[in-house]
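# Residue-level structure breakdown
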Amino acid sequence: MSIARLWHLAWRDLGRNRRRTGFTIIAVALGMALLMMTNALIAGVVDDSLQNSIMLRTGHIQLRAAGARDGELSVRWRDLLLDPGPQAAQAAALPHVTSATPVLWTSGMLASAGESVGLQVYGIDPAAPAYDRLRAALRRGQFLAADMRDGVVLGESLADTLRVDVGGQVRLTVADSAGVAREAGFIVQGVFSTGIPAFDDHAVLAPLATVQRLSDASRRASAIVIHLDDARATGEVAAALDVTGMRLQTWEQLNQQVIQTMRSASAFYVLLDAIVILIVASVIANTLLMSIFERLREIGVLLAIGMRGREVLGLMVLEAALLGAAGIVAGLAVGGAGVAYLATIGISIDRSVAGVAGDAIAISNTMYGRAVPEVFAGLALAMLAITTAAAGYPAWYAARLEPVQALRGR
Amino acid sequence: MTTTVRLERVTRRYTIGAAETRALDDVSLTIGAGEFTALVGPSGSGKTTLLQLIGCLDRPDQGVITLGDQVVTGLSADQRADLRLRSIGFVFQFFALVPVLTAFENVELPLLLAGVAAAERRARALGLLDAVGIADRAQHRPDQLSGGEQQRVAIARALAPRPLLVLADEPTANLDTANGQQAMEIMQRLNRELGTAFVFATHDPRVMHYARRIVELRDGRIVADRAAVAVA
Ligand SMILES: Nc1ncnc2c1ncn2[C@@H]1O[C@H](COP(=O)(O)OP(=O)(O)OP(=O)(O)O)[C@@H](O)[C@H]1O
Ligand SMILES: [Mg+2]
């Protein structure tokens, strides 16, 4: 095939109608940039939401009582770990472990003078490094200390709902291990804002000992929550833990819902990707069809000179590939700038929108994009393949012309 | 004299709706190597149709066409393309250069398609541009050339693959007298120097003067075929 030798012809053909070529390249570039940005955003949000969930809720590894059931906040003794202290200390000593801390969860009702809200109660060891992030998110007041018998911290939006602030009084009601409702008064010590509605609206934290006492759990805890410096070390750490009589769950198992939801959201984005790619493909196909009809006679001359139909086809496909490649390169530049913007400045979204994603999904108020080079490379290849394939019909049309037909211009 | 083209009882019909035109009606014709032959006849007599059939641009409805020693009727599209590439040159009434290529590149194009090596392509293309008297315009694009110059580039391009035969359909119709004469003189000279056969369709009596043989068509049939005394 002499198509490789004809690239100068293909290249110059694109220069004939500069405006049309320019618009086509812009269309490909914009499509490419749009795809890069939506994909960066979805990657960023999935990542962000997963990180949030791991940091604030699940940790990388959880150890629970053998009989405890997922998602249940039961404080029945058989669902709790009897004395988690030594095991937590053992875990904390392992490499990659940044924090291993017992937590007691229960569901409860927090009431102020005028309002009450159902929520999840976290009994925590405030000194554990796992809460550094929450400590940093403190807006007012102070974080918990282990000896604050009647102190709680809660999210700013929850405080607003309850119309309380630092120093204000609230009453917390929980069901104890026997299922009996128990109530106690607390003072709001601090108000935080993580930017994650699921957490800011529906969580109250108190010292572990306080929650243990209130729910009659003695020294028991719901789980040992383990944080790592690298999620990829999960398997290694899990293998090193002594889990006799306990149930170990990894962040992947614990965040199944997040991962699932994000996966179905990604499916929607794949659809969007496909639509954008199809639009771009039809622009290319249209450009080529127009340019072919404009120069039927010239194609006739090429055929008369002895060019084979296949070579005419190759020429047209080459032109499309050049158009596509130029657009993709421009798109990578524009899209790269857009992704950089999304990664650094991000997009603010309305609280209500972030909240709608549901409690399971910890979406932040600001969505950040994340550069995903392997996805971008895949998109660029898909775009090139599709734009080239879009030349298929016009090129096939040109290639099967009889020389006499083409010379007559129809 | 060896035979370059032989047509045996060739018919080409066009049907538009119910009307049928016999553009060529049972035509038999032989063109020898190195001929310089004019096809003449009134408009619609079948000159273009005949050239297209000889040039493997079109296929007859009936009859057999032989080019060199190859029967071309029944060849595949690719085989016909290869035949056009290596054995036939075309010169059209409209100058038919590729507008985005320079004069040099236009002449080089069939050689590129034929896979001729770069040095050889260059030598041949420049040699032909020189032979048609526009070596100094080699880097000009068609829109930077006059009609006469464009037609000379087209002649050079037709000859580049060293074909057996050059087919020219009213090559001078869009040229003024002086340029038309120049084009004819160039073709005549190259015919003599290279031995390439030329067949050209024309209405122009001045062009006919160059021919050594004149084939006259009327209503798709050959009505006269005579030797002529060509102008020197
Ligand atoms: N594509 C076509 N469809 C239908 N009829 C055609 C077609 N091409 C040619 N014809 C008819 O065939 C006949 C011969 O046409 P042709 O073009 O060969 O004539 P010509 O001798 O070259 O005429 P001119 O001197 O005007 O160029 C004419 O009657 C013409 O109308
Ligand atoms: Mg004609």
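Residues numbered from 1 in each chain as written. Chains lettered and ligands numbered in written order. Predicted model: local features only at pLDDT ≥ 70, side-chain atom pairs only at ≥ 80, totals over all residues. Heavy atoms only, no water.

This part is about the overall build of chain A. Secondary structure summary: chain A contains 16 helices and 12 strands in total. In terms of overall dimensions, chain A is more spread out than a globule: its C-alpha atoms have a radius of gyration of 31 Å, far above the 22 Å expected for 410 residues. Taking the principal axes of its C-alpha atoms as reference, chain A extends roughly 95 × 45 × 30 Å. Looking at chain A residue by residue over its 410 residues, the buried ones come to 51%. Within the structure as shown, chain A displays about 17,800 Å² of accessible surface, and the carbon and sulfur contribution to it stands at 60%. Within chain A, one finds 34 positive and 34 negative side-chain charges whose respective centroids are separated by 11 Å. (Helix = DSSP H or I, 4+ residues; strand = E, 2+ residues; numbered from the N terminus. Rg over C-alpha atoms; globule rule 2.2 N^0.38 Å. Buried < 20%, exposed > 50% of the residue type's maximum accessible area, 1.4 Å probe, protein only. Areas by Shrake-Rupley, 256 points an atom, 1.4 Å probe, with all protein chains shown as cover. Lys, Arg positive; Asp, Glu negative; His and termini not counted. Charge placed at Lys NZ, Arg CZ, Asp CG, Glu CD.)

Turning next to the side chain of Arg220 of chain A. Residue and element names in this part refer to chain A. As for its placement among the helices and strands, Arg220 is situated in the loop between α7 (208–214) and β9 (223–228). Buried charge without a salt bridge: Arg220, with Asp216 as the nearest opposite-charge side chain at an N-O distance of 7.2 Å. Discounting residues that sit within four places of it in the chain, Arg220 has contacts with Trp77, Leu80, Leu81, Leu82, Leu104 and Gln212. (Salt bridge = Lys/Arg side-chain N within 4 Å of Asp/Glu carboxyl O. Contact = heavy atoms within 4.5 Å.)

Here we take up the packing of aromatic side chains. Per the stated rule, a full pass over the model turns up 10 aromatic pairs over all chains. An angle of 50 degrees between the planes, with centres 6.4 Å apart, marks the rings of Tyr393 of chain A and Tyr397 of chain A as tilted. Within this pair, Tyr393 of chain A and its partner Tyr397 of chain A are both found in helix α15 (residues 392–399), separated by 4 residues, close to a single helical turn. Tyr397 of chain A gets classed as buried once you look at its relative accessible area, which sits at 18%. Sitting above the plane of the Trp77 of chain A ring, Arg220 of chain A keeps its charged end 3.8 Å from the centroid. The ring of Phe94 of chain B has Arg297 of chain A lying over it, and the distance from NZ or CZ to the ring centre is 3.7 Å. (Phe/Tyr/Trp six-rings, centres within 6.5 Å; stacked < 30°, edge-to-face > 60°. Lys NZ or Arg CZ within 6 Å of the ring centre and 35° of its normal.)

So, on to the domain arrangement of chain A. Per the domain assignment, the segments making up chain A are domain 1 (3–53 + 259–407) and domain 2 (67–244). Averaged C-alpha coordinates put domain 1 of chain A and domain 2 of chain A at centres separated by 49 Å. (Domains from an automatic or database assignment.)

Residues and elements named next belong to chain B. Its identity as a non-glycine residue notwithstanding, Arg9 has a phi of 50 degrees, on the positive side. Inspection of the secondary structure puts Arg9 in strand β1 (residues 3–16). The class of Arg9 is exposed, set by a relative accessible area of 55%. In the Ramachandran plot, Asp26 falls in the positive-phi region, its phi being about 55 degrees despite a non-glycine side chain. Along the chain, the position of Asp26 falls in strand β2 (residues 19–32).

A few words on the packing of helix α14 (residues 373–390) of chain A against α15 of chain A. Any two packed helices are characterised by the angle at which their axes cross and by the distance between the axes. Residue and element names in this part refer to chain A. Where α14 contacts α15, the two axes come as close as 5 Å, and the packing angle between them is 35 degrees. Residues Thr388, Ala389 and Ala390 of α14 touch α15, and the partners they reach there are Gly392, Tyr393 and Pro394. For the contact of α14 with α15, the per-class residue count stands at 4 nonpolar, 2 polar and no charged. (Axes fitted to C-alpha atoms, helices over the stretch in contact; angles between N-to-C directions. Nonpolar A, V, L, I, M, F, W, Y, C, P; charged D, E, K, R; others polar.)

Right, let's talk about empty space enclosed by the protein for a bit. All names here are of chain A. Under the definition given, this model contains 5 cavities of 30 Å³ or more. Quantified by volume, the largest cavity comes out at close to 80 Å³. For the largest cavity, the lining is made up of 14 residues, of which Leu56, Arg57, Tyr131, Val225 and His227 are closest to its centre. Where the lining of the largest cavity is concerned, the elements lending two or more residues are α2 (18–58), β2 (97–111) and β9. Among the elements that line the lining of the largest cavity, the one with the most residues is α2, at 5 residues. The residue inventory of the lining of the largest cavity, partitioned by class, reads 9 nonpolar, 4 polar and 1 charged. (1 Å grid on protein atoms, 1.4 Å probe; cavity = no way out; pocket = protein on both sides within 12 Å on 5 of 7 lines; lining within 4 Å. Points joined across faces, edges and corners; volume = space filled by probe spheres on them.)

Glancing now at the interface of chain B and chain A. Interface size, as often reported, equals the accessible area lost upon joining of the parts. On the side of chain A, 26 residues touch chain B, which itself brings 27 residues to the contact. With both chains or domains summed, chain B and chain A bury close to 2,400 Å², and 61% of this area falls on carbon and sulfur atoms. At the junction of chain B and chain A, the tally comes to 5 salt bridges. Ionic pairing is found between Arg308 of chain A and Asp82 of chain B, a salt bridge with its closest N-O pair at 2.3 Å. For the side of chain B that touches chain A, the elements supplying multiple residues, two or more each, are α2 (77–87) and α3 (103–113) of chain B. At 6 residues, the largest contribution of residues to the side of chain B that touches chain A is made by α2 of chain B. For the side of chain B that touches chain A, the residue count by class is 16 nonpolar, 3 polar and 8 charged. (Buried area = accessible area lost by both parts, 1.4 Å probe.)

Neighbouring residues of ligand 1: 15 residues in total, closest Ser43, Lys47, Thr48, Thr49 and His203 of chain B. The environment around ligand 1 is built from residues contributed by chains A and B. Taking Ser43 of chain B, its side chain carries an N or O atom lying 2.4 Å from an oxygen atom of ligand 1. One of the backbone nitrogen or oxygen atoms of Ser45 of chain B is found 3.2 Å away from an oxygen atom of ligand 1. Sorting the residues of the shell around ligand 1 by element identifies β1, β2 and α1 (47–54) of chain B as the ones contributing at least two each. Per-element tally for the shell around ligand 1: the top contributor is α1 of chain B, with 3 residues. Taken together, the residues of the shell around ligand 1 sort by class into 4 nonpolar, 8 polar and 3 charged. (Near = heavy atom within 4 Å. Polar contact = N/O pair within 3.5 Å; in protein donor to acceptor, adjacent residues only side chain to side chain.)

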